[in-house]
Each structure stands twice: as C-alpha cells, then as structure tokens.
Amino acid sequence: MDNRIALPELMYLSPTTREKAVTIAQELLRTNNISPREAVAKAILIAKNWAVKNVNRRVWKKLKSFENEII
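Residues numbered from 1 in each chain as written. Predicted model: local features only at pLDDT ≥ 70, side-chain atom pairs only at ≥ 80, totals over all residues. Heavy atoms only, no water.

*Asks:* Could you give an account of the overall build of the chain, naming the residues involved and the relevant values?
*Replies:* On a plain count of helices and strands, the chain comes out with three helices and zero strands. For the chain, the succession of helices and strands along the chain, N to C, is α-α-α. Rg of the C-alpha trace for the chain: 16 Å, well past the compact-globule value of 11 Å for 71 residues, more than 25% over. A burial count over the chain gives 23% of its 71 residues as buried. Expressed as a percentage of contacts within the chain between residues at least 6 apart in sequence, the contacts between residues at least 24 apart total 51%. Counting every atom, the chain has about 5700 Å² of accessible surface; 57% of that belongs to carbon and sulfur. (Helix = DSSP H or I, 4+ residues; strand = E, 2+ residues; numbered from the N terminus. Rg over C-alpha atoms; globule rule 2.2 N^0.38 Å. Buried < 20%, exposed > 50% of the residue type's maximum accessible area, 1.4 Å probe, protein only. Contact = heavy atoms within 4.5 Å. Areas by Shrake-Rupley, 256 points an atom, 1.4 Å probe, with all protein chains shown as cover.)

Okay, structure coming up:
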C-alpha cells in the first residue's frame with residue numbers, strides 16, 4: 001500500500017485488524033475505481049466488522065467450553 005495513505009484511523013486498530021484493512025483497501029483499489037481515501041475508509045469498516053465477528057465467535061466458543069466443563 002502507498003505510504004501516502006497513512007490515515008490516523010488505521011493507528012487505532014489492532015495490528016491484525018489493521019493488516020486486514022490494508023489488504024482489503026489494496027483489493028478495493030485494484031478492483032474498483034475509487035479514491036485511496038474512500039478505499040481505506042471502506043476497508044476500515046469491513047475490517048472492524050470482521051474483527052467483531054471474529055471476537056464474538058471466540059467468546060462463544062470459550063463460553064461453550066466452560067459450559068461443557070461445568071456439566
């Protein structure tokens with residue numbers, strides 16, 4: 001990704017989510033005809049949603065394992 005697209009919003013993401021956002025932004029720039037800023041903004045939203053789903057899935061699995069241990 002271009003170094004000129006260093007947005008402060010990326011710095012607030014976790015390293016994994018930031019990496020995912022950068023990858024998504026690169027794909028958006030390659031496939032769509034949008035500006036780099038729009039691509040990064042859209043990629044950040046997609047990456048945040050991905051991270052929330054990923055965390056929820058992990059929490060659900062952990063709760064399920066605790067439930068099985070109790071029974």
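*Asks:* Lay out the side chain of Thr-17 with the relevant residues and their values.
*Replies:* Within the secondary structure layout, Thr-17 lies in helix H2 (residues 15–31). Among the residues examined, Thr-17 registers a relative accessible area of 7% and is labelled buried. When neighbours within four sequence positions are excluded, Thr-17 is seen to be in contact with Ala-47, Lys-48, Trp-50 and Ala-51.

*Asks:* Lay out H2 in plain terms, naming residues and giving numbers.
*Replies:* For H2, spanning 17 residues, the distance from its first C-alpha to its last is 24 Å, which sits close to the expected 24 Å at 1.5 Å a residue. On its buried face, H2 is in contact with helix H1 (8–11) and helix H3 (36–70). (Expected span 1.5 Å × (residues − 1).)

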